[in-house]
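Working through the structure, step by step
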Amino acid sequence: MNGRNTGANRIIPIILIVWVCIAVSAGDAGSTDSYFPCPVYVNAGLKGKLRHVKKWGYMDIHEKIVIKPRFKEAWSFSEGLAHAMNARYKYGFIDLKGNWAVKPQFDNVRSFREGMAAVSIKRKYGFVDKTGRLVVPLVYDNAMDFREGLALVADNDKWGFVDKTGRVVVPLIYDEHVSCFREGLACFKENKKYGFMDKKGQVVIPAQFDRVLYGFSEGLAGVQINGKWGFIDRFGRIVIEPKFDRAGRTVMFREGLAAVKIDGKCGFIDKTGAIRIKPDYSYAFDFSEGFATVTFDDGTDAYIDKSGNIVIRIEENKGTAYWEGDFRKEGVAKICFNDSKYSAEDCGFINRQGIFVIQPKYNSIHN
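All values derive from a computational prediction rather than experimental measurement.

**Some points on the overall build of the chain**
Assigned secondary structure in the chain consists of zero helices and 36 strands. Counting across all 367 residues of the chain, residues that qualify as buried make up 48%. Contacts spanning at least 24 positions in sequence make up 31% of the contacts within the chain whose residues lie at least 6 apart.

Right, here's the structure in full:
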């Protein structure tokens with residue numbers, strides 16, 4: 001909505017545009033709605049000059065403002081709390097009513113996971129609990145989220161793992177960023193090869209693979225050998241021969257299927273390696289809530305089900321649905337368009353019937 005100056009010396013604050021929305025679940029509070037952190041630009045005119053003030057608040061799936069815009073930054077809710085920045089450029093954590101649950105005092109933070117959040121002051125990282133109590137002291141150069149009870153931390157370019165008391169469980173001896181634990185195992189790199197360790201730091205699968213993208217999912221891990229991708233089990237045994245190329249951003253099983261590329265075309269295999277959805281697509285992404293995004297040779301996109309049926313076809317000439325468009329448990333998916341019919345990266349949300357519940361009018365939307 002545009003505003004007009006009705007007096008030469010009057011300041012008229014007008015909301016110009018909601019620029020970004022980030023979809024997050026408010027399920028921790030028992031609500032079925034979702035909150036979206038939205039930066040709102042306020043235009044104040046004074047003697048023909050414009051002053052822009054950006055503030056963040058939250059809206060629900062109906063685009064109703066539920067937390068008034070008052071933050072310099074605001075991010076997704078996780079485990080009932082979201083990190084936000086105050087006017088002094090300090091981060092803290094707010095609850096679902098917009099109140100500070102952990103007062104703003106940090107230079108950088110990560111979202112809560114497993115009851116803990118990585119925080120930093122003066123470039124040193126530690127972890128706080130949901131009361132704001134510093135549980136792991138600020139002694140590390142970097143820190144990642146907790147997964148399966150352990151968190152990756154770094155000191156002097158060496159990586160290892162700590163538990164929720166701050167005890168070092170896996171020594172900080174790895175030169176490169178190792179993966180977080182998934183299904184009890186974490187990937188590490190040694191002598192330019194990848195292997196897997198357990199939660200005691202013991203090598204379970206020796207470093208022998210050229211590349212690992214994600215780690216274990218549904219009992220299998222995608223590994224690259226001599227330029228081709230296959231899958232191993234938790235004992236390091238090859239259960240699906242490495243004969244595929246990568247179809248999307250990961251090589252992993254989700255909901256029983258994995259996207260792979262065969263002779264330049266993408267499709268899906270099951271855990272025996274058999275093709276379940278034949279390779280007819282230029283790109284294919286992982287299944288989420290029963291749907292997967294695929295791209296055809298003409299650049300148009302669609303959502304398919306596990307039988308390969310087209311469930312939602314993205315209208316031609318509207319642009320491309322980005323990979324972030326996975327369906328979430330709330331039953332909505334992000335869609336972004338980027339061609340001449342819409343301005344760059346206009347984004348909205350569709351439901352499982354392909355109907356827009358939030359029209360594509362926002363400049364960007366993050367999951």
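**Observations concerning the pairing of strand E9 (residues 91–94)**
Residues of E9 alternate between two faces, with Tyr91 and Phe93 on one and Gly92 and Ile94 on the opposite face, all of them buried. Of the strand pairs in this sheet, strand E8 (residues 81–85) and E9 are connected by four bridges, and their pairing is antiparallel. Directly across from Ala84, in E9, lies its bridge partner Gly92. Once E8 ends, the chain turns through five residues before running back antiparallel as E9, passing Tyr89 with a positive phi of about 65°. With three bridges joining them, E9 and strand E10 (residues 100–106) adopt antiparallel strand pairing. From the neighbouring strand, Ile94 faces E10, where its bridge partner is Trp100. Linkage of E9 to E10, two consecutive antiparallel strands, is achieved through a turn of five residues, within which Gly98 is found at a positive phi near 90°.

**Concerning the pattern of salt bridges**
Throughout the structure, instances matching the rule amount to 16 salt bridges. The salt bridge partner of Arg254 is Asp326, with a shortest N-O separation of 3.9 Å. Remark: Asp326 occurs in the loop between strand E32 (310–313) and strand E33 (332–337) and Arg254 occurs in the loop between strand E25 (238–246) and strand E26 (258–262); sequence separation between them is 72 residues. You can call Arg254 partly exposed: its relative accessible area is 24%.

**Describing the confidence of the model for the chain**
A residue-level look at the chain finds 79% of positions with pLDDT of 70 or above and a mean pLDDT of 83. Contacts from residues 1–33, a stretch scored under 50 in pLDDT, to residues over four places away or in other chains number 96 contacts. Note on residues 41–52: pLDDT is under 50 here. Beyond four places in sequence and across chains, it has 34 contacts.

**Considerations on the sheet that holds strand E21 (residues 203–209)**
Across the sheet, which stays open at both edges, the three strands sit in the order E19-E20-E21 with antiparallel pairing between neighbours. Edge positions in the open sheet fall to strand E19 (186–190) and E21, since each of these has one partner strand only. Averaged over all neighbouring strand pairs, the angle between strand axes comes to 25°, with direction disregarded. Direction of pairing for strand E20 (residues 193–197) relative to E21: antiparallel, over a ladder of three bridges. Across the sheet, the residue bridging to Phe196 is Ile205, located in E21.

**Structural notes on the nonpolar core**
Residues Leu152, Phe161, Tyr174 and Met197 are the most contacted members of the largest nonpolar core, which totals 15 residues. Counting only elements with at least two residues in this core, the list comes to strand E16 (150–155), strand E17 (158–162), strand E18 (168–174) and E19. In this structure, Ala247, Ala259, Ala284 and Ile304 belong to the second largest nonpolar core, which totals 14 residues.

**Quick word on the side chain of Thr300**
With respect to the element layout, Thr300 can be found in the loop between strand E30 (292–295) and strand E31 (301–304). Residue Thr300 is classed as buried on the basis of its relative accessible area of 10%. Within the structure, the side chain of Thr300 is placed 2.6 Å from the side chain of Asp298, a separation counted as a polar contact.

**What to know about the sheet that holds E18**
Ordered in space as E15-E16-E17-E18, the four strands form an open sheet in which the pairing is antiparallel. In the strand order of this sheet, the two ends are held by strand E15 (142–147) and E18, each with one partner. Averaged over all pairs of adjacent strands, the angle between their axes in this sheet comes to 15°, without regard to strand direction. Where E16 lies against E17, five bridges are found, and the strand directions are antiparallel. Within the sheet, the bridge partner assigned to Ala151 lies in E17 and is Val162.

**A few points about the environment of Glu183**
For Glu183, the location among the structural elements is in the loop between E18 and E19. Separated by 2.9 Å, the side chain of Glu183 and the backbone nitrogen of Gly219 make a polar contact.

**Let's talk about the packing of aromatic side chains**
As enumerated under the stated definition, the model contains 13 aromatic pairs in all. Both rings, one in Phe71 and one in Trp100, keep their centres 5.6 Å apart while their planes meet at 85°; by these two values the pair is edge-to-face. Here the residue Phe71 occupies a position in strand E6 (residues 65–71), and Trp100 occupies one in strand E10, the gap between them amounting to 29 residues. Between Phe291 and Phe327, the aromatic rings sit 5.1 Å apart at their centres with planes inclined by 85°, giving edge-to-face as the arrangement. Within this pair, whereas Phe291 is found in the loop between strand E29 (283–284) and E30, its partner Phe327 is found in the loop between E32 and E33, the two being separated by 36 residues in sequence. We note that Phe291, like Phe327, is buried. Members of the aromatic cluster, joined through ring pairs, are Phe291, Tyr303 and Phe327.

Reading the values: the criteria
Residues numbered from 1 in each chain as written. Predicted model: local features only at pLDDT ≥ 70, side-chain atom pairs only at ≥ 80, totals over all residues. Heavy atoms only, no water. Helix = DSSP H or I, 4+ residues; strand = E, 2+ residues; numbered from the N terminus. Buried < 20%, exposed > 50% of the residue type's maximum accessible area, 1.4 Å probe, protein only. Contact = heavy atoms within 4.5 Å. Pairing = 2+ DSSP bridges. Salt bridge = Lys/Arg side-chain N within 4 Å of Asp/Glu carboxyl O. pLDDT = per-residue confidence, 0-100. Axes fitted to C-alpha atoms, helices over the stretch in contact; angles between N-to-C directions. Core = buried A, V, L, I, M, F, W, Y, C linked by side-chain atoms within 4.5 Å. Polar contact = N/O pair within 3.5 Å; in protein donor to acceptor, adjacent residues only side chain to side chain. Phe/Tyr/Trp six-rings, centres within 6.5 Å; stacked < 30°, edge-to-face > 60°.

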